[in-house]
Amino acid sequence: MITLTVNGETHQVDVPPDMPLLWVLRDVVGLSGTKFGCGIAQCGACTVHLDGKPVRSCILPVESVGTRAVTTVEAVGQTAAGQKIQEAWLALEVVQCGYCQSGQVMSAAALLARTPKPSDADIDAAMAGNICRCGTYSRIRAAIKQASQA
């Protein structure tokens, strides 16, 4: 049994220790907001926070989470940065197909939490690992900028 704290709740999961956190979240805990994209940590769709830091859950073995708190897109709006990002995402209609957006939101919220007034270079660095096949990058940047002004 592995004990995880996800979105403030404790979960006992009976899974192999090398099972990726993504599949534990989706298939065992029942939180489907975190998406599977590539399986090799290149697209960012599976981004979650571990103690506030963005990580790719598709390659992270659940045993390596330890006592760190996991936050998913389902709860990121409960943080100040996450709420600002979600509000800006909606106001600027960032989402097109939406598949990558949970990962985009998680990376953007982590950026805003650590750098409340990010520069373009900060945004580029933080969002570089998140791919949007619809190409909403200009709206993503505008939403991050708007959220940083709120």
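The following paragraphs examine the structure supplied in this document.

What counts as what
- Residues numbered from 1 in each chain as written.
- Predicted model: local features only at pLDDT ≥ 70, side-chain atom pairs only at ≥ 80, totals over all residues.
- Heavy atoms only, no water.
- Helix = DSSP H or I, 4+ residues; strand = E, 2+ residues; numbered from the N terminus.
- Axes fitted to C-alpha atoms, helices over the stretch in contact; angles between N-to-C directions.
- Left-handed = near helix turned anticlockwise from the far one by under 90°.
- Contact = heavy atoms within 4.5 Å.
- Nonpolar A, V, L, I, M, F, W, Y, C, P; charged D, E, K, R; others polar.
- Parallel < 35°, antiparallel > 145°, perpendicular 65-115°, else oblique.
- Pairing = 2+ DSSP bridges.
- Buried < 20%, exposed > 50% of the residue type's maximum accessible area, 1.4 Å probe, protein only.
- Disulfide = S-S within 2.5 Å.
- Expected span 1.5 Å × (residues − 1).
- Arc of directions from axis to C-beta.

Side note on the environment of M106
The residue M106 is located in helix α3 (residues 101-114) in this model. In the structure, M106 is positioned 20 residues away from Q86 in sequence and 9.7 Å away in space, judged by C-alpha atoms.

A look at the packing of α3 against helix α5 (residues 137-149)
Direction vectors running N to C along α3 and α5 enclose 35 degrees, while the axes themselves pass 11 Å from each other. In this structure, α3 meets α5 at a crossing whose hand is right-handed. Contacts from Q101, Q104, A108, L111 and L112 of α3 reach α5 at I140, I144, A147 and S148. Here the residues of the contact of α3 with α5 sort into 6 nonpolar, 3 polar and no charged.

A short note on the packing of helix α2 (residues 80-91) against α3
Taken N-terminus to C-terminus, the directions of α2 and α3 make an angle of 130 degrees; their axes are 8 Å apart at the nearest point. In this view, α2 runs oblique relative to α3, as classed from their interaxial angle. The two elements α2 and α3 meet at a crossing, and its hand is right-handed. Note on element contacts: α3 touches α2 through Q101, Q104, V105, A108, A109, L112 and A113, opposite A81, G82, K84, I85, Q86 and W89. Classifying every residue of the contact of α2 with α3 gives 8 nonpolar, 4 polar and 1 charged.

Some remarks on the pairing of strand β4 (residues 53-56)
As judged from the 4 bridges shared by strand β3 (residues 47-50) and β4, these two strands associate in the antiparallel manner. When the sheet's bridge partners are listed, V48 is paired in β4 with V55. What sits between the antiparallel neighbours β3 and β4 is a turn of 2 residues, in which D51 has the positive phi angle 50 degrees.

Examining the pairing of β3
On β3, burial covers both faces: T47 and H49 on one face and V48 and L50 on the other are all buried. Here β3 runs beside strand β5 (residues 69-71); their pairing, made up of 2 bridges, is antiparallel. Looking at β5, one finds that H49 is bridged to T71.

Section: the state of the cysteines
Within the structure shown, the criterion is met by 0 disulfides. Note on C134: no disulfide assigned, nearest cysteine sulfur contributed by C97 at a separation of 3.7 Å.

A closer look at the sheet that holds β5
Overall, mixed pairing links the 5 strands, which are arranged β2-β1-β5-β3-β4 in an open sheet. This sheet does not close on itself; its edge strands, each paired only once, are β2 (9-13) and β4. Adjacent strand axes in the sheet meet at a mean angle of 40 degrees when their direction is disregarded. Bridge count for strand β1 (residues 2-6) against β2 is 5 bridges, and the pairing is antiparallel. Across the sheet, residue T3 finds its bridge partner in β2, namely Q12. On top of the sheet, helix α1 (residues 21-29) reaches β1, β2, β3 and β5; it is set at about 95 degrees to β2, its chief contact. Its contacts with the sheet place α3 against β3, β4 and β5, and it is angled at close to 35 degrees to β3.

Regarding α5
Across its 13 residues, α5 extends 19 Å between first and last C-alpha, which sits within 8% of the 18 Å expected from 1.5 Å per residue. Burial in α5 covers these residues: I140, A143, I144, A147 and S148. The arc that holds the buried residues of α5, viewed along the axis, is 135 degrees, so those residues lie on one side. Along α5, the residues that are exposed and aim more than 90 degrees away from the buried face are S138 and Q149. Where α5 is buried, its residues meet α2, α3 and α4 (120-127).

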